[in-house]
Amino acid sequence: MSDTKYVDSEGFLYTAPIREQGNIYKPNNKMMADELSEKAVHDVHTKEIDLVNRDPKHLNDDVVKIDFEDVIAEPEGTHSFDGIWKASFTTFTVTKYWFYRLLSAIFGIPMALIWGIYFAILSFLHIWAVVPCIRSYLIEIQCISRVYSICIHTFCDPLFEAIGKMFSSIRATVRKEI
């Protein structure tokens, strides 16, 4: 306990109350401090991106991995000069690399902006329009299905039961004549 004492306006002496759990924002017991430190807030907008593996989910494995050999190939018996083949390989590879970088520098940020807006609109519509419409449809169709079920059981069940009793007395026999 603390020995801090307070005197009120009438002259009465009081001791300051101490919370056993500590302050909400600055806990003095270890258990509460551990609980607060475990609840770290994870912000999606500030997560670190991997600059080495830029396609961790392998979205473009089958599309973008185009090499020189996938595009230009000389069959056996039809070969150009070795120097031309090496220069063609280098030209293709370097041009593809730098032109991609140039296009990314020019159009990357605007395309990211456009796709960000598109997926934001798509998410908004899904959350605020599509899912509520589907939920309301399911609620309404449940009511309609009950009425439909009552109608089927009221009209069709007796009809089918009567037809079944009519045809239950029919006997079919098969004879094989030689």
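Computed from a prediction, not measured in an experiment: that's the story for all the values here.

Rules and cut-offs
Position numbers for residues count from 1 along each chain, tracking the sequence in the order it is written. Per-residue local features of the predicted model are confined to residues with pLDDT of at least 70, and side-chain atom pairs are confined, for both listing and counting, to 80 or more; whole-chain, interface and lining totals are unaffected and use all residues. Note: side-chain values were computed over all heavy atoms of the structure, leaving out hydrogens and water. Secondary structure is summarised from DSSP: a helix means a run of H or I of at least four residues, a strand means a run of E of at least two, and numbering begins at the N terminus for each. Working definition: with a 1.4 Å probe on protein chains only, accessible area under 20% of the residue-type maximum means buried, over 50% means exposed, and in between means partly exposed. Contacts are assigned to residue pairs with any non-hydrogen atoms lying within 4.5 Å of each other. Residues enter patches when their relative accessible area tops 30% and they take part in no salt bridge; the joining distance is 9 Å for like charges and 5 Å for the nonpolar side chains Val, Leu, Ile, Met, Phe, Trp and Tyr. To be clear on the numbers: accessible area is Shrake-Rupley with a 1.4 Å probe, and residue cover counts the displayed protein chains and nothing else. Salt bridges are counted wherever a side-chain nitrogen of Lys or Arg sits within 4 Å of a carboxyl oxygen of Asp or Glu. The span you would expect from a helix comes to 1.5 Å times its residue count less one. To obtain the bend at a residue, axes are fitted to the seven residues ending there and to the seven starting there, and the angle between these axes is taken. The rule is short: rings of Phe, Tyr and Trp, with Trp giving its six-membered ring, pair when the centres are within 6.5 Å, and they are stacked under 30 degrees, edge-to-face over 60, tilted in between. Whether a charge sits over a ring comes down to the Lys NZ or Arg CZ being within 6 Å of the ring centre and within 35 degrees of the ring normal. Here a cavity is any set of points on a 1 Å grid over the protein atoms alone where a 1.4 Å probe fits but cannot get out, and a pocket is any open set with protein on both sides within 12 Å along at least 5 of 7 lines; a residue lines the site when it has an atom within 4 Å of a point. Grid points are joined across faces, edges and corners, and a volume is the space filled by probe spheres set on the points. Confidence of the prediction at every residue is given by pLDDT, a number between 0 and 100. To count as a disulfide, a pair of cysteine sulfur atoms needs to be within 2.5 Å.

Visitor: So what exactly am I meant to see when it comes to the overall build of the protein chain here?
Guide: Across its full length, the protein chain holds three helices and two strands. Every one of the 178 residues in the protein chain was classed for burial, and the buried ones make up 2%. At a minimum sequence separation of 6, the contacts of the protein chain that also span at least 24 residues come to 14%.

Visitor: Can you help me understand unusual backbone geometry in this one?
Guide: Backbone geometry follows two general trends: most residues other than glycine have a negative phi, and most peptide bonds adopt the trans configuration. The phi torsion at histidine 58 lies on the positive side, around 55°, for a residue other than glycine. By secondary structure assignment, the location of histidine 58 is in the loop between α1 (30–38) and α2 (68–71).

Visitor: Would you explain a nonpolar patch on the surface in this entry?
Guide: Where nonpolar side chains cluster on the molecular surface, the patch consists of Phe99, Leu102, Leu103, Ile106, Phe107, Met111, Ile114, Trp115, Tyr118, Phe119 and Leu122 and spans about 1,100 Å² of accessible area. With respect to the helices and strands, leucine 102 occurs in helix α3 (residues 82–168).

Visitor: Hey, could you run me through α3 in this one?
Guide: One turn of the α-helix equals 3.6 residues, which is why residues spaced by three or four share an orientation. With 87 residues, α3 should reach 129 Å at 1.5 Å per residue; the first-to-last C-alpha distance of 88 Å falls well below that figure. Its maximal kink placed at phenylalanine 107, α3 deviates by approximately 50°, while the proline proline 110 follows within four residues.

Visitor: I tried to follow the packing of aromatic side chains on my own but got confused; where do I start?
Guide: For any pair of aromatic rings, the description rests on two quantities: the centre-to-centre distance and the angle between the ring planes. Applying the stated rule across the entire model yields seven aromatic pairs. With a centroid separation of 4.9 Å and an interplanar angle of 65°, the aromatic rings of phenylalanine 68 and tryptophan 85 are classed as edge-to-face. Of the two residues, phenylalanine 68 sits in helix α2 while tryptophan 85 sits in helix α3, which places them 17 residues apart along the sequence. Residue phenylalanine 68 is classed as buried on the basis of its relative accessible area of 2%. Residue classification places tryptophan 85 among the partly exposed residues on the basis of a relative accessible area of 28%. Counting every residue linked through ring pairs, the aromatic cluster contains Phe68, Trp85, Phe89 and Phe92. It is arginine 101 that lies over the ring of tryptophan 98; its NZ or CZ is 5.5 Å from the centre.

Visitor: Explain the layout of surface pockets to me, please; I cannot follow it from the model alone.
Guide: Once rolled over the atoms, a probe with the size of a water molecule shows which space is left empty. In this model, the largest pocket occupies a volume close to 1,400 Å³. In terms of lining residues, the largest pocket is bounded by 29 residues, among which Arg54, Asp55, Asn60, Tyr100 and Ser104 are the most central.

Visitor: In this structure, what is going on with the confidence of the model for the protein chain? I would like to understand it.
Guide: Averaged over every residue, the pLDDT of the protein chain is 81; residues scoring 70 or more account for 74%. When pLDDT is averaged over each helix and strand of the protein chain, the minimum, 54, is found for α1 and the maximum, 94, for α3.

Visitor: Is there a simple way to explain the state of the cysteines in this structure?
Guide: Chemically, a disulfide is nothing more than a covalent bond linking the sulfur atoms of two cysteines. Evaluated as defined, the whole model comprises zero disulfides. Take cysteine 156: it sits in no disulfide, and the sulfur closest to it among the cysteines is that of cysteine 151, at 8.9 Å.

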